[in-house]
Amino acid sequence: MSVLCPPTSYLPPIAKIASFSVTQLLDALTYLQSLYHPEVRGSRRKRAQAPTFNGGENLCPRHEDDTQFQAIRSDAFERSYSIRWLTALIARLEVWQDLSYSGEVSLNLGTPETIFSHTEMIVQQAASLLAICAGVAAAGMITWNFIFSSIDGQRRVEAQLTDIPLNNDDYGSVGAQTWGGACVLAEMVMEDPERFGLDFPPDGPESHRLNILELGAGTGLVSIVVTKLLETLPSFNHRQVSVVATDFHPSVLANLRSNVNANVPSTHNQTTSTHSITTHFLDWSSFSAPPPPDYLSYPFDVVFGADIVYEVQHAAWIKDCLKGLVRRPSDSAISPAVFHLVIPLRPTHAFESSTVESVFLNACDVDPNDDVDLVILSKESITCDAHGDYTRGQGLGEDVQYVYYKIGWSTNARL
């Protein structure tokens, strides 16, 4: 049985830091990263060949039971030791950096030029971890730095998001934290914008304003990534785009606005003269009560939702909202409007997840004589590693399963 070692056992002794190689120091930092600032759980899709980790050998792999992991993370003594270790490492690295130009050091770090490049990288990682261990993360606030790239590497989007503590007395505050479903959906959009109606050939319908909505936006990852992505696509250089990110819980909505402002700091969130992103309140349960607010009064071409079905009534509420928000087929001859939904298949919420397919029929099951309705156009299963790179290959055998639904108006029904 594998055992997760605490920092006092795993980290190189403070007095002997100088005798350890770059690879060993980077492995130590990766260990602390996995302990105090792990990846969003279930956010890394499985590929045909999993990425490899270039750090040193993991002498103490993570235990299959997260209980031990959480116990070490919450141990005040171990956190204090980690802070002292990081402080000592940074101080020693700064000395190495000062001496590197004079050639007065002789370590396993290579030439003076190599020393400088490694120390810069290690100092940055160590300083970031030090802030996490000693700062707001200890109080329940975490800052995530996300980087998404297109498959060909030509486009790159960065987003920095803040998660705030959950209100344990109010289940509606779950959007205060970034969940794996949002990471998966954002990554998929970046890899293939055209699949999500976000890219067109040069002769495409550029005159049409693109209205984008996110339901249950939470920390805002999907909306922010979509907004930044559209800035990089030539087909949207002169096209009007409106991104509307919505949520319900007051603290979640306030954090959403803060994240949007931090990532799109232009005046009134105008990214360009034709692109904008705004945040707004939306209560699914009462949306059908007319009239809709102005920011929801125009039909939406693309709607996103990530991990937003966790109560029995959510799917039905969402469908009622979409009926009044999604552009209908008769509105235009351009590409049909689509709702892109990604939900995790949690054993604890199996029934709630199943309501999606009971509320939205499959397109092939729709009677052509029925009125037009919102139906499931396609369904795709997605498998993600439950944990990040540090635990990859340790025999955990734990995956997170998602389903990606593409939902739109039935095209074979009566308009």
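Above this text is the structure in question.
These numbers come from a predicted model, not from an experiment.

Engineer: When you look at the overall build of the chain in this model, what are you seeing that I'm missing?
Structural biologist: If you tally the helices and strands in the chain, you get 10 helices and 11 strands. Taking contacts inside the chain between residues at least 6 apart in sequence as the whole, the part at least 24 apart equals 77%. For the chain, the computed accessible surface area is about 19,500 Å², with 52% contributed by carbon and sulfur atoms.

Engineer: How should I be thinking about the side chain of Asn259 in this particular structure?
Structural biologist: Note on placement: Asn259 falls in helix α8 (residues 250-263). In this view, Asn259 contacts Gln160, Leu161, Thr162, Thr219 and Ile224; residues no more than four positions away in its chain are not counted.

Engineer: Any chance you could explain the environment of Trp409 here in plain terms?
Structural biologist: The topology assignment puts Trp409 in strand β11 (residues 399-409). A C-alpha to C-alpha distance of 4.4 Å links Trp409 and Leu374, two positions 35 residues apart in sequence. Apart from residues lying up to four places away in sequence, Trp409 is in contact with Leu322, Lys323, Val326, Arg327, Arg328, Pro329, Val372, Asp373, Leu374, Val375 and Leu377. A polar contact of 3.0 Å, which involves the side chain of Trp409, links it to the backbone oxygen of Arg327.

Engineer: Mind showing me how you'd approach helix α9 (residues 314-325) here?
Structural biologist: The α-helix advances 3.6 residues per turn, and as a result positions three or four apart in sequence lie on the same side. Over its 12 residues, α9 runs 16 Å from end to end, which matches the ideal 16 Å to within 8%, given 1.5 Å per residue. The secondary structure elements touched by the buried residues of α9 are β4 (210-215), β7 (302-306), β8 (338-344), α10 (350-359), β10 (374-385) and β11.

Engineer: Can you help me understand the pairing of β8 in this one?
Structural biologist: Remark: a regular strand shows side chains that alternate across the two faces of the sheet. Of all 7 residues that make up β8, 7 are buried, and the element is covered over most of its length. Burial along β8 is two-sided: the face carrying Val338, His340, Val342 and Pro344 and the face carrying Phe339, Leu341 and Ile343 are both buried. As defined by bridge partners, β7 adjoins β8 across 5 bridges and the pair is classed as parallel. When the bridges of β8 are listed, Val303 appears paired with Phe339. By the bridge criterion, 7 bridges tie β8 to β11 in an arrangement that is antiparallel. Note that in β11 the partner of Val342 across the bridge is Tyr404.

Engineer: What is the right way to read α8 from this model?
Structural biologist: Its 14 residues give α8 an end-to-end C-alpha distance of 20 Å, which sits within 8% of 20 Å, the value for a rise of 1.5 Å per residue. Regarding α8, the residues found buried are Val252, Leu253, Asn255, Leu256, Asn259, Val260 and Asn263. The buried residues of α8 occupy an angular sector of 165° when projected down its axis, which confines them to one face. Exposed side chains of α8 directed beyond 90 degrees from the buried face belong to Pro250 and Ala262.

Engineer: What exactly am I supposed to notice about the packing of aromatic side chains here?
Structural biologist: Any aromatic ring pair is given by two values, namely how distant the centres are and how the planes are angled relative to each other. This structure, assessed with the given rule, holds 7 aromatic pairs. Relative to Phe281, the ring of Phe248 lies with its centre 5.6 Å away and its plane at 40°, an arrangement referred to as tilted. Taken together, the residues Phe248 in the loop between β5 (241-247) and α8 and Phe281 in strand β6 (residues 275-281) connect sequence positions 33 residues apart. Residue class for Phe281 comes out partly exposed when judged on its relative accessible area of 40%. Ring-pair connections join several aromatic residues into one group, and the members of that group are Trp144, Phe146 and Phe148.

The rules we used
- Residues numbered from 1 in each chain as written.
- Predicted model: local features only at pLDDT ≥ 70, side-chain atom pairs only at ≥ 80, totals over all residues.
- Heavy atoms only, no water.
- Helix = DSSP H or I, 4+ residues; strand = E, 2+ residues; numbered from the N terminus.
- Contact = heavy atoms within 4.5 Å.
- Areas by Shrake-Rupley, 256 points an atom, 1.4 Å probe, with all protein chains shown as cover.
- Polar contact = N/O pair within 3.5 Å; in protein donor to acceptor, adjacent residues only side chain to side chain.
- Expected span 1.5 Å × (residues − 1).
- Buried < 20%, exposed > 50% of the residue type's maximum accessible area, 1.4 Å probe, protein only.
- Pairing = 2+ DSSP bridges.
- Arc of directions from axis to C-beta.
- Phe/Tyr/Trp six-rings, centres within 6.5 Å; stacked < 30°, edge-to-face > 60°.

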